[in-house]
Structure formats: structure tokens, C-alpha cells
Amino acid sequence: MTAAVGAQAAPDGVPPLSVYGRLPNIEQVEISPDGAKLAIAVTDGEKRMLLIREAAQGGKMISALNFGDTKLRGVQWAGSEHVLVTISSTAQPYGLTGPRQEYWMAFDFNLVTKKQRPLMEGQDEAMNVVLDTPTVRILDGVPYAFVEGVHFVDNYGQNTLYKANLKTGVTRMMGGAGNKDTDGWLVTPEGEPLAQSRYDEKAGAWSLQIKGDRGWNTAERVVSKMGSLGLAGLGRDGRSVLVWMDDEKDEDTTVLNEYAPDGSHVVIPDSAKFDSLIHAPDGASLVGAFSLVGDDRRYTFFDAKLQASWNAVVKAFPGDQVSLASWSDDKRQLVVQVDSATLGPAYALVDLNTKSARFLAEVYQGLTPQGVSKVEPIKYKAADGLEITGYLTLPYGKDPKNLPLVVLPHGGPKSRDTLEFDWWSQALASRGYAVLRPNFRGSSGFGWPFVEAGFGQWGKAMQTDLSDGVRHLAKQGVIDPKRVCIVGASYGGYAALAGATLDRGVYRCAASIAGPSDMKRFLVDKNRLYESSKNSTMRFWLQYMGAEGLKDPDLAAISPSQMADKVEIPILLIHGKDDTVVPYVQSTLMADALKKAGKPVELVTLPGEDHWLSRGATRLQMLNSVVGFLEKNNPPN
């Protein structure tokens with residue numbers, strides 16, 4: 001098995017692939033509660049740093065933390081003198097059973113002392129890991145971090161709430177209120193436990209626990225075979241609890257329930273239209289929501305003055321897509337990401353007090369006008385009449401006729417693509433390819449019936465939704481149906497392999513990045529501790545795959561590695577060795593099967609890489625390999 005050849009030189013005026021493939025210049029920007037400082041996660045394309053500087057234009061640098069190859073997952077302010085940083089690594093801790101996992105760790109950086117301290121350091125019977133990003137509360141002027149950690153009881157790790165005093169550096173476990181089913185916590189603005197999410201895996205039942213005057217009470221309990229409903233944060237008054245649940249009047253609709261401490265609840269008005277929630281900068285109350293209506297990004301704030309302020313922010317960037325990144329406690333200074341259809345994304349700082357806005361930095365340094373291709377929303381009908389939406393990226397300066405095409409299905413599969421700048425499709429378009437990103441059935445964001453339409457359709461209608469898009473574009477004359485390849489990652493990687501084995505005759509080549517190829521082996525590896533259909537993870541995947549259990553012959557019928565002898569096109573496989581979501585063996589199984597069948601295959605191994613292409617060097621290696629493979633097997637010119 002050989003590595004893919006390198007990509008050809010870029011056309012004049014088009015940036016090199018490294019501009020797209022390396023880590024973005026800016027990954028996150030957080031403004032301090034008082035609006036005076038910025039914490040900026042930056043990279044040089046491979047190495048990460050956290051810069052802390054004054055927010056004023058020309059403001060001085062305060063501190064810089066070098067993370068190197070460490071995977072930086074989150075940055076939070078805790079008051080004006082503390083920054084919480086969450087990182088992750090792939091490991092199998094000593095003494096624990098089970099497969100390697102991605103473990104998160106969090107530490108506090110004190111801007112005054114310049115010292116770092118792990119939040120879970122020195123805890124007896126506990127791991128030095130966190131299960132979620134910390135919750136920050138300021139109590140009597142002192143910053144605290146509330147952390148969900150793993151505490152062992154009778155050799156069983158339980159989600160346990162810890163309270164870290166950032167002034168004294170002391171972390172203590174809070175009262176023993178959780179149990180083995182606890183999977184999430186909420187803390188009041190005063191720093192007291194308010195709610196727990198519990199999931200009984202054996203019974204397939206979720207419950208909401210709310211703390212009252214006499215202890216913990218069950219406010220809600222529902223059957224939820226596909227997993228925990230979790231907690232969505234504090235409600236509008238900062239004393240209630242939010243949970244996404246099926247509408248009592250329409251099971252195909254999900255709404256946001258707001259539970260009072262006494263267990264009663266109301267439905268947040270219009271919440272069926274919400275895609276995500278907006279909490280106050282201190283996290284203590286719900287103040288609004290974000291919705292993607294078609295391709296229109298809508299921010300809805302419950303307070304009229306706050307809505308007017310946001311409308312003024314959007315007007316400062318006409319024609320661009322504006323997203324809220326962070327804001328000061330008084331909500332008057334905001335960091336926003338501005339996505340320009342012609343210039344790409346950048347971060348900007350808006351000051352509502354002075355009615356001014358200025359750009360901070362581009363997300364991708366080195367982009368040129370020729371390197372940002374036009375993206376058009378499209379719609380087409382699948383073979384059974386279901387409407388499919390998606391996005392077509394057209395190479396800059398090319399007449400949209402008879403173009404070579406790359407189909408780039410998203411992962412998930414319960415996810416979706418959007419109109420926002422996408423580094424991968426833009427990179428492929430910069431090399432002369434049109435790129436189709438379809439939101440096939442089973443994708444989220446289009447209502448529950450559309451998700452449900454994907455159940456049992458792996459390798460079937462979910463797959464032909466992609467090739468129906470190819471036929472639609474060919475009928476319009478936009479693409480050449482003889483020059484089409486399919487590329488994808490995760491579920492999209494599976495779709496690429498299925499395009500070579502199950503939906504043949506459409507594609508000239510296929511590239512799978514971290515895609516599953518053997519469905520039974522995938523399910524066994526994902527559920528090694530269970531190996532049955534009696535757990536939520538297994539039930540979720542079986543529902544999408546349309547199988548009754550591990551012994552169902554339908555799993556083999558949709559497994560590309562079982563049909564390697566049917567492959568008629570070149571295949572490229574790329575996989576990270578540290579992938580804990582789709583194990584690396586899924587690509588070696590496919591490679592071995594293709595080699596045994598005498599079929600053309602290339603396998604590229606990404607050392608130290610996880611499922612999300614978190615490292616700059618290996619992410620760029622992936623992109624170079626894919627483009628080289630496409631240019632060899634489906635030349636753009």
C-alpha cells in the first residue's frame with residue numbers, strides 16, 4: 001500500500017493548499033467580563049498559542065502560553081484575572097479497562113501570578129480529567145470553577161461535581177448527590193447544585209433531578225432509548241432548568257421545556273424554531289436563541305433593547321454572515337465572527353458604547369480573492385420525490401458548465417452543512433473542482449421527519465440522495481457526469497466507500513477519511529463493554545443502519561469491506577492512528593480486502609491524529625493526499 005502523490009502547483013493568484021489545510025490562524029477569541037482584555041487562541045498552522053492582551057486598539061500583550069501540538073478545546077474567562085483552558089489527549093489511563101479514549105483536562109491560568117494549576121489536581125479517588133468545560137461563578141467577588149469530574153466509588157467512575165476556588169487554588173468535591181447514572185450538572189448563580197441529568201442505560205430511561213428544600217426530587221422521567229436528554233442550561237430567570245424534549249402535542253417536534261424548582265414546567269415560546277441557545281455572558285440565564293432559517297442566520301433576543309443592539313451589530317457588516325463569539329458582562333462589547341462571501345471569515349470587535357467596529361484578524365491568513373469561490377444554495381428532488389438541499393461551490397473564474405465535480409458528504413450522519421466558509425470545499429474548488437455538499441436524508445436541521453427518513457437508509461436512499469444530486473447537476477449542464485469523484489470523512493467517508501461498492505457507475509474515484517467499512521466490527525469496537533443492542537449507543541447506530549443486532553445479515557450487505565470485489569474505481573483511504581470514534585482498523589480492513597481482491601487502493605496513515613483532524617501537519621497531509629489523488633484520477637483540466 002502506497003501513499004498518495006502530492007498535489008500539483010496552484011494556478012496563478014490562488015493560494016497554496018497550506019492556506020486551507022493548516023490550522024486556522026485564529027481558533028477562538030474570548031473577551032473578558034469587563035471588556036478590557038482578549039484571550040485569543042492562535043496558531044502558526046501547526047502549533048497553538050494562547051495570547052492574552054488588552055482589548056484596546058494597540059493594547060499591550062499581557063501573557064502568552066505556548067501549547068505546541070496540544071489540542072486546545074476551549075478558553076473561558078473567570079473574572080478578569082483568571083483564564084480557564086480545556087485541552088484533550090488520546091490515552092488509555094493505567095489501571096482502567098476499555099478502549100483508548102479522548103480525555104479532557106482543564107487548568108486555571110492566573111494572570112497575576114502567571115501560574116497554571118490543573119483544576120482536578122490532587123483529588124483522592126478521582127481522575128485528573130473533566131467531563132465538560134467548567135462552569136464559572138463569581139461568589140462574593142471570588143472566582144470559582146465548577147467542574148464535572150470522575151470520582152471512583154467501589155471501582156466505578158461516577159460523574160461528580162467539584163468546586164474549585166481560583167483565588168486559593170483549592171478544589172473540593174461537593175456533597176455526594178450523584179450516582180452511577182448521573183451524566184450532567186447545573187449550578188445556580190450562587191454556586192449551589194440545582195439539577196442533575198441521569199440516564200439509566202439498562203432501562204433506557206432519562207430523568208431530571210432538581211434539588212429542593214428536602215433534597216433531590218425527580219421532576220421528569222421519560223423513556224429515551226437513544227440516550228440521555230441532558231441539560232440545556234439555566235432558564236430565563238436563572239433559577240429554572242432547560243431541557244430539549246419532544247413536544248407533548250407533536251412527537252415530530254422538539255421544544256425547550258423550562259422546569260421550575262418545584263418540577264412544574266412551561267414550553268419556551270417558538271423554541272421549536274431554535275437551533276442553539278444564547279445565555280448571558282456569565283452563563284446565569286437564557287437571553288436568546290439562534291436559528292438557521294433556510295440560509296438566513298437569525299438571532300432572537302428576549303429583551304427588545306438587546307435585540308436592537310444585535311441588529312445594529314449586523315448592520316455594521318452588510319452582506320456578511322455575522323456570528324456572536326463572545327461578549328462582555330454588560331453586553332456592550334462583542335467579539336463576532338464575520339464571514340465574507342468574497343474574503344472569507346475574520347474576527348471583529350464591536351463597541352456599542354462608541355458605535356465602532358474593527359477587525360482583529362483573519363481566520364485563514366493568505367486567502368486571496370481568487371482563493372474564495374462562490375457558494376450557491378441548491379435544491380433538487382431525490383428519486384422518491386424527497387426534497388434535498390445543499391451547497392454547490394463553483395471554482396473561481398470558471399464558467400459553470402461541464403465542470404469536474406467532487407461530492408463531499410458531511411459526517412454524522414445526524415449533522416448538516418451550512419453556507420459558512422468551509423475550508424475543505426474551498427480548497428478543492430481552488431483546484432478547479434465544483435464541490436457538492438448535500439444535506440441528505442437523516443441530516444439534522446430540517447425537522448424530525450427528515451432525520452427519521454434516514455433510518456435504515458445507510459447505503460440505500462441516504463446514498464442515492466448523493467448521486468441524485470450528481471444527476472441533477474449533470475442535467476443542468478453544470479458538471480460533466482463522466483468526471484465525478486466522491487470524498488468524505490467519518491460518515492462521509494463511509495458514503496465515499498459506498499459510492500464505490502453500493503452505488504456504482506457514478507464516480508471515477510473515491511477517498512474515505514476515517515470512514516467505517518465493516519459495520520459489525522465498527523459496532524463491536526464502539527460498544528466493547530456491552531456487545532449487545534441493550535445500550536443507547538448501539539441502538540442509535542442500529543436504527544440508522546436498519547439492522548436488528550450484531551448478527552443481522554443486513555450489516556454485511558451495507559459493509560463496503562465485504563464487497564471489495566465489486567470495486568471498479570481507485571480508492572484512497574486516510575486515517576488517524578489516534579482515532580477513538582472510528583477506529584483505525586476500519587481503514588486497514590478495507591485496504592486488506594481491496595488488496596486481496598486485486599483492486600487499486602492507497603492507504604495514508606496520519607500519525608498521532610484523532611477523528612477531527614486536530615493537528616495541523618496531519619490535516620494538511622490529508623488535504624495534499626486527497627488533492628493529489630483527485631488530480632491523478634480525475635484531472636480538473
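Along each chain, residues carry numbers from 1 onward, in the same order as the chain's sequence is written. In keeping with the model being predicted, local features are shown solely for residues with a pLDDT of at least 70 and side-chain atom pairs are shown and tallied solely at 80 or more, while totals for entire chains, interfaces and linings include all residues. Heavy atoms from the whole structure form the basis of all side-chain values; hydrogens and water molecules are not counted.

K.L.:
So what's going on with the packing of aromatic side chains? Residues and values would help.
P.N.:
To pair, rings of Phe, Tyr and Trp, with the six-membered ring standing in for Trp, must have centres within 6.5 Å; the planes then decide the type, stacked if under 30 degrees apart, edge-to-face if over 60, and tilted in the middle. Inspection of the entire model under this criterion finds 21 aromatic pairs. Between Tyr-299 and Trp-310, the aromatic rings sit 4.5 Å apart at their centres with planes inclined by 45°, giving tilted as the arrangement. One end of the pair, Tyr-299, is in strand E23 (residues 296-301); the other, Trp-310, is in helix H2 (residues 304-315), and eleven residues separate them in sequence. Its relative accessible area of 11% is what places Tyr-299 among the buried residues. Relative to Tyr-544, the ring of Phe-455 lies with its centre 5.2 Å away and its plane at 85°, an arrangement referred to as edge-to-face. One end of the pair, Phe-455, is in the loop between helix H4 (448-452) and helix H5 (461-476); the other, Tyr-544, is in helix H8 (residues 536-545), and 89 residues separate them in sequence. Accessibility expressed as a relative area gives 1% for Tyr-544, which makes it buried. Counting every residue linked through ring pairs, the aromatic cluster contains Phe-440, Trp-448, Phe-455, Trp-458, Tyr-491, Tyr-494, Phe-522, Phe-540, Trp-541 and Tyr-544. Between the NZ or CZ atom of Lys-577 and the centre of the ring of Tyr-584, over which it lies, the distance is 5.2 Å. The side chain of Arg-619 reaches across the aromatic face of Trp-423, ending 4.0 Å from its centre. A run of H or I in DSSP becomes a helix once it reaches four residues, and a run of E becomes a strand once it reaches two; helices and strands are each numbered from the N terminus. The cut-offs for exposure are 20% and 50% of the maximum accessible area for each residue type, with area from a 1.4 Å probe on protein chains only; residues under the lower value are buried, those over the upper are exposed, and the others partly exposed. Here, a charge over a ring is recorded when the distance from Lys NZ or Arg CZ to the ring centre is within 6 Å and its angle to the ring normal is within 35 degrees.

K.L.:
Provide a residue-level description of the sheet that holds strand E25 (residues 333-340), including the pertinent values.
P.N.:
Strands are treated as partners if at least two bridges between them are detected by DSSP. Ordered by their spatial adjacency, four strands build an open sheet running E24-E25-E26-E27, and the pairing between neighbours is antiparallel. Pairing within the sheet leaves two strands with one partner each, and these edge strands are strand E24 (321-327) and strand E27 (356-362). Here the average twist between neighbouring strands, direction ignored, is 30°. Bridge count between strand E26 (residues 344-351) and E27: six bridges; the pairing is antiparallel. Along E27, the bridge assignment pairs Val-350 with Ala-357. In what follows, residue pairs with any heavy atoms lying within 4.5 Å of each other are defined as contacts. Fitted lines through C-alpha atoms serve as axes, helices being fitted only where they are in contact, and the angles separating the N-to-C directions of these axes extend from 0 to 180 degrees. Against the sheet, H2 contacts E24, E25 and E26, and its axis sits at roughly 125° relative to E24.

K.L.:
Mind laying out the nonpolar core, listing which residues take part and the relevant values?
P.N.:
Buried Ala, Val, Leu, Ile, Met, Phe, Trp, Tyr and Cys residues that are joined via side-chain atoms within 4.5 Å together make up what is termed a nonpolar core. Counting residues in hydrophobic clusters, the biggest one holds 59 residues, and the most contacted among them are Leu-405, Trp-458, Tyr-507, Leu-523, Met-545 and Ile-571. Here the element with the most residues in this core is helix H6 (residues 491-501); it accounts for seven residues. With 46 residues, the next largest nonpolar core counts Tyr-20, Leu-51, Leu-367 and Leu-613 among its residues.

K.L.:
Can you explain the pairing of strand E31 (residues 434-439)? Please cite residues and give values.
P.N.:
Burial analysis of E31 places six of its six residues in the buried class, which makes it a mostly covered element. Neither face of E31 is open: one carries Ala-434, Leu-436 and Pro-438, the other Val-435, Arg-437 and Asn-439, and all of them are buried. Note: strand E29 (residues 387-394) against E31, five bridges, orientation antiparallel. Directly across from Thr-393, in E31, lies its bridge partner Val-435. As judged from the three bridges shared by strand E30 (residues 403-407) and E31, these two strands associate in the parallel manner. Looking across to E31, one finds that Val-407 is bridged to Leu-436. A crossover gets the label right-handed when its path from the first strand over the helix to the second runs clockwise, viewed with the strands pointing away from the viewer. Handedness of the E30-helix H3 (residues 423-430)-E31 crossover: right-handed.

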